[in-house]
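Descriptive analysis of the structure
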Amino acid sequence: MSVAEDYILELKGITKIFPGVKALNNVQFQLKRGEVHALMGENGAGKSTFIKVITGVHAAEEGKMYLNGKEVHFKGPKDAQAAGIAAVYQHPTSYPELSVTENIFMGHEMRKYGMIQWNLMNQEAKKLLDRLDADFSPTEEMGTLSVAQQQMVEIAKALSTKAKIIILDEPTAALTQTESEKLYRIVDQLKEEGVSIIFISHRFEDMYRLASRVTVFRDSQYIGTYDVDGITNADLIKAMVGREITDMYPKPKVEIGKEIFRIEGMSRAGYFKDVSLNVHAGEIVGLTGLVGAGRTEVMESVCGITRANSGKVYLDDKLCHIRQPIDAMKEGIILLPEDRQREGLILSWGLGDNVTLPIQSDLAHTGFNDTAAEKKVAKKFLEEVDTKAVSIYDKASSLSGGNQQKVVVAKALAQKNMKIVIMDEPTKGVDVGAKAEIYAIMGDLAKQGYGIIMISSEMPETIGMCDRIYVMCKGRITGCLDRGEATQESILQLAMEKGSKEKEVAQG
């Protein structure tokens, strides 16, 4: 067998040009049989365009693609599917009103004499779901499933087409640690069955857990392919961002000031109970625990999004009466939500309009918007967080995840009386270069004397950035760790049920 035939898929010199933009510039890629090959790079590096070339969505202007050693030319996605290539995207492209079976076999239904064979399709769908150890029925409505379950359906759909190459695009971005572990087991199983997988991710733990090789794209160009066991984190980051990031967690030395925020005995039936914590000026406080522990729910009640049954909120030692989000904003408590696209931004609006939305009344004169003032304010704060965009009129939907997060931060900074910044999963779905930039912004805010609460599921960033870390389990605070004593092991112990039970006994 020749070297070329060792690869089930090979691309050489692929160039893709859109009007005014070279989205891919002479890139290459090789995928071995039964291999999990990671593809990494910052947002905008060309990964998504590359997937669409492989799956027949886009035709490349230059370059060649080989399947099993033979050159292929796909005229559309149907050709790629027929050749055994399938893609599972970060946001499942499903039909929520239809059943799991209908979603799996959409476009290639089983028919006999022109009639759809529903019983046979349900049976085959169940076999596929059993193969993936799914815990739901093929007759369930797609819209009732979790994100992790919907991804499982997408994988089952790929398998139903007899795919031998599956592309997984950021599959763990919206998953809990437990759900990610289940996905890892599925990928391992597919690999054992001889399926070749291209795994696109921003998370190093995904790469180390699954892949044997990693290919890096940067600025639409191929940078290199490396053995996962043979490349250091520092070298991989440098390949991805084009520069050394000497300190992944740039936590500045800040003199911690007086207490400026405190919650006491906050409870909401069915969500959390007797939660108390405090924050000092210039302090970054972590709030962590397993997903479902009640972290976000506590802060939503603090900000008036939901109503707690009991508890008190103090700002500068003054009792606050917060009944709705506008009350929290007036007090200077700003929440940057986890889902920035749905809750933090209006994607169809320009960046400037997003930034000035909460302060429209402050900028209006005699009942009319002062567009010049709005532009000045928006430009100032977008530049302050180094947002990468052509102009303030660019739509928010056009930006990468990291730059969208910067716009959300700029919107918070525009509110003059801000004192407490609550950042819920601030680096979720963000590439490594943008993560470092967001951490730097957090450090700058701390230096300016703001109090910061960071809700995070990623223990390395929590340990790397926080002065103190509160850990939650099943709606309760199970412990608070100082920066010097926090380790992944000590956090996990408090986050698990064992830690919760110990705390409840101690509270008597």
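For clarity, every value in this text was computed on a predicted model and none was experimentally measured.

About the cut-offs
- Residues numbered from 1 in each chain as written.
- Predicted model: local features only at pLDDT ≥ 70, side-chain atom pairs only at ≥ 80, totals over all residues.
- Heavy atoms only, no water.
- pLDDT = per-residue confidence, 0-100.
- Contact = heavy atoms within 4.5 Å.
- Pairing = 2+ DSSP bridges.
- Helix = DSSP H or I, 4+ residues; strand = E, 2+ residues; numbered from the N terminus.
- Buried < 20%, exposed > 50% of the residue type's maximum accessible area, 1.4 Å probe, protein only.

On average, residues of the chain score 88 in pLDDT, and 94% of them reach the 70 mark or higher. The model gives residues 498-508 a pLDDT under 50, and that stretch makes 11 contacts with residues more than four places away or in other chains.

Our next topic: the pairing of strand β16 (residues 310-315). In terms of strand pairing, strand β13 (residues 259-268) meets β16 through 5 bridges, oriented antiparallel. Residue pairing in the sheet places Phe261 in a bridge with Leu315 of β16. Bridge count for β16 against strand β17 (residues 318-320) is 3 bridges, and the pairing is antiparallel. Of the residues in β17, the one forming a bridge with Val313 is Cys320.

Quick look at unusual backbone geometry now. The residue Asn68 is not glycine, and still its phi comes out positive at about 55°. On the basis of relative accessible area, Asn68 is assigned to the partly exposed category, the value being 39%. Unlike most non-glycine residues, Asp274 shows phi in positive territory, near 55°. Within the secondary structure layout, Asp274 lies in strand β14 (residues 272-280).

Right, let's talk about the pairing of strand β22 (residues 476-482) for a bit. For a regular strand, the rule is simple: side chains alternate between the two faces of the sheet. With 5 of its 7 residues buried, β22 lies for the most part within the structure. In this structure, strand β21 (residues 468-473) lies alongside β22, joined through 6 bridges in antiparallel fashion. The residue bridging Arg468 from the neighbouring strand is Asp482, located in β22. Between the end of β21 and the start of β22, which pair antiparallel, lie 2 residues, with Lys474 showing a positive phi angle near 50°.

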